[in-house]
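As a plain string of letters, each chain reads:
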Amino acid sequence: MSEHSSESTAVDVSHPSAEEVQSGSEESAMAQESPKNSAAEIPVTSNGQLEDSHEHSFNRDLKCSLPVGLGLSETKITSHGFDGAKEGVVEAGQFPSKGGRAQQKSGPVLLADEVKNPAMEKLELVRKWSLNTYKCTRQIISEKLGRGSRTVDLELEAQIDILRDNKKKYENILRLAQTLSTQLFQMVHTQRQLGDAFADLSLKSLELHEEFGYNADTQKLLAKNGETLLGAINFFIASVNTLVNKTIEDTLLTVKQYESARIEYDAYRTDLEELNLGPRDANTLPKIEQSQQLFQVHKEKYDKMRNDVSIKLKFLEENKVKVLHNQLVLFHNAIAAYFAGNQKQLEQTLKQFHIKLKTPGADAPSWLEEQ
């Protein structure tokens, strides 16, 4: 029995089974079909170096197995251990080629100037604004302390002072006219109610029918004339309000811009004068030239704003005289006709200035007109 067992064992070792033979043939066939397995069969020369032809074949096969757009010379695999944050990250880099040249890194190229331009522009604007504010503030303080010189256009400054003084006076007239309109409205409303009360008593008191009737007619007539006068006063108020709060205010806004330009002009003029009084060398000459350019820019701005203010003041004066002439004539004629009891003259004044009064119920059509 022991001899038979040893012979069986020897037979098993020397002759592989049919399954092992089939598995070996399948592996041999797969090695022949797969081009990747050719890397395991790279021949070695007598001096231990790889053959060039096989090296090229291996590299070509490996390139075919990589994704499109990713070259061998542009790829490196970095590993920072299991605790690293970038474990197994494929990065693009530069590797020396066979000829010793470094290939250019692939991927999108970011231009630093394009990224920094908006921030640099904002920073430059803030810097210029801060410098301009500092110079103007220093100029204003110097003028208030009596140390700095100030450019003055005597004729233009006098016109501006007169305009501001007139604006205050026109605003006072406007407030008084509005008060008069409010009081007149209350009086007209009271007269209308009083006329209705007299009319009601005229119907209910037979012994005083005529007396109540006369007073009712008088109060209603006064209320009607008061409404006409109220229309003339409100038209006067609207015109003067437009003149004061729109036309004059627009001109004063230009005056403020002119005054700001004057302060900037004097600030840069003073800066240039201080530089000219100092030494002239390689360090100061560029600063003097730059200061001269800035001074010229602000001088042109100042001259332009001064011309704009002169033109606006001229047109404002012409417009003011025309508007106030018409409105003062209207106000005078309406007040005189009302207190003289001249109803015809009062109505004629409103027609002369194309003033239309709204009659009660005029907005809504009557039931006859709707049929």
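Residues numbered from 1 in each chain as written. Predicted model: local features only at pLDDT ≥ 70, side-chain atom pairs only at ≥ 80, totals over all residues. Heavy atoms only, no water.

Caption draft 1: Here's a closer look at the packing of aromatic side chains. One pass over the structure, following the stated rule, counts 6 aromatic pairs. Here the aromatic rings of Tyr258 and Tyr302 are separated by 5.7 Å at their centres, their planes lie at 25 degrees, and the arrangement is stacked. In this pair, Tyr258 is assigned in helix 6 (residues 209–277) and Tyr302 in helix 7 (residues 284–339), connecting sequence segments 44 residues apart. Like Tyr258, the residue Tyr302 is buried in the burial classification. (Phe/Tyr/Trp six-rings, centres within 6.5 Å; stacked < 30°, edge-to-face > 60°. Helix = DSSP H or I, 4+ residues; strand = E, 2+ residues; numbered from the N terminus. Buried < 20%, exposed > 50% of the residue type's maximum accessible area, 1.4 Å probe, protein only.)

Caption draft 2: Looking closely at the pattern of salt bridges. Overall, the coordinates contain 16 salt bridges when judged by the stated rule. Two residues, Glu317 and Lys320, come together in a salt bridge whose shortest N-O distance is 3.2 Å. Taken together, the residues Glu317 and Lys320, both in helix 7 and 3 residues apart, mark about one turn of the helix. (Salt bridge = Lys/Arg side-chain N within 4 Å of Asp/Glu carboxyl O.)

Caption draft 3: Looking closely at the packing of helix 6 against helix 7. For the pair helix 6 and helix 7, the least separation of the axes is 7 Å and the interaxial angle reads 165 degrees. Put simply, helix 6 runs roughly antiparallel to helix 7. The handedness of the crossing between helix 6 and helix 7 comes out as left-handed. Looking at side-chain class alone, the contact of helix 6 with helix 7 contains 32 nonpolar, 13 polar and 12 charged residues. (Axes fitted to C-alpha atoms, helices over the stretch in contact; angles between N-to-C directions. Parallel < 35°, antiparallel > 145°, perpendicular 65-115°, else oblique. Left-handed = near helix turned anticlockwise from the far one by under 90°. Nonpolar A, V, L, I, M, F, W, Y, C, P; charged D, E, K, R; others polar.)

Caption draft 4: Representation of the nonpolar core. One finds Ile160, Leu184, Ile248, Tyr258 and Val309 to be the most contacted residues of the largest nonpolar core, which totals 41 residues. Counting only elements with at least two residues in this core, the list comes to helix 5 (154–204), helix 6, helix 7 and helix 8 (343–352). In terms of residue count, helix 6 provides more of this core than any other element does, 17 residues in total. Setting aside its immediate chain neighbours within four residues, Val309 contacts Leu156, Ile160, Thr254, Val255 and Tyr258. (Core = buried A, V, L, I, M, F, W, Y, C linked by side-chain atoms within 4.5 Å. Contact = heavy atoms within 4.5 Å.)

Caption draft 5: Spotlight on helix 8. Among the residues of helix 8, those classed as buried are Leu346, Thr349 and Leu350. Along helix 8, the residues classed as buried sweep out an arc of 95 degrees about the axis, all on the same side. In helix 8, the exposed positions that point more than 90 degrees away from the buried face belong to Lys344 and Lys351. Summarising the contacts, the buried residues of helix 8 are in contact with helix 6 and helix 7. Where helix 8 begins, the side chain of Asn342 points an oxygen toward the backbone nitrogen of Lys344, at a separation of 3.4 Å. His354 lies just past helix 8 and shows a positive phi near 55 degrees. (Arc of directions from axis to C-beta. Polar contact = N/O pair within 3.5 Å; in protein donor to acceptor, adjacent residues only side chain to side chain.)

Caption draft 6: Layout of the packing of helix 5 against helix 6. Remark: helix 5 packs on helix 6, axes separated minimally by 6 Å, with the N-to-C direction vectors making an angle of 160 degrees. Considering the angle they form, helix 5 stands roughly antiparallel to helix 6. Between helix 5 and helix 6 lies a crossing of left-handed hand. In terms of residue class, the contact of helix 5 with helix 6 is made up of 31 nonpolar, 14 polar and 10 charged.

Caption draft 7: Layout of the confidence of the model for the protein chain. Mean pLDDT over the protein chain works out to 74, with 65% of the residues at or above the 70 mark. Here helix 9 (residues 367–370) is the element of the protein chain with the lowest mean pLDDT, 36, and helix 5 is the one with the highest, 94. For the stretch residues 25–56, pLDDT sits under 50, and the model shows 15 contacts to residues farther than four places along the chain or on other chains. Below a pLDDT of 50 lies the segment residues 62–106, which in the model reaches 44 contacts outside its immediate sequence neighbourhood of four places, other chains included. (pLDDT = per-residue confidence, 0-100.)

Caption draft 8: Quick look at helix 6. If you check helix 6, its first and last C-alpha atoms are 98 Å apart, about what 69 residues at 1.5 Å a residue would give, namely 102 Å. Of all the bends in helix 6, the greatest measures close to 35 degrees and is centred on Glu249. (Expected span 1.5 Å × (residues − 1). Bend = angle between axes of the 7 residues up to and from the residue.)

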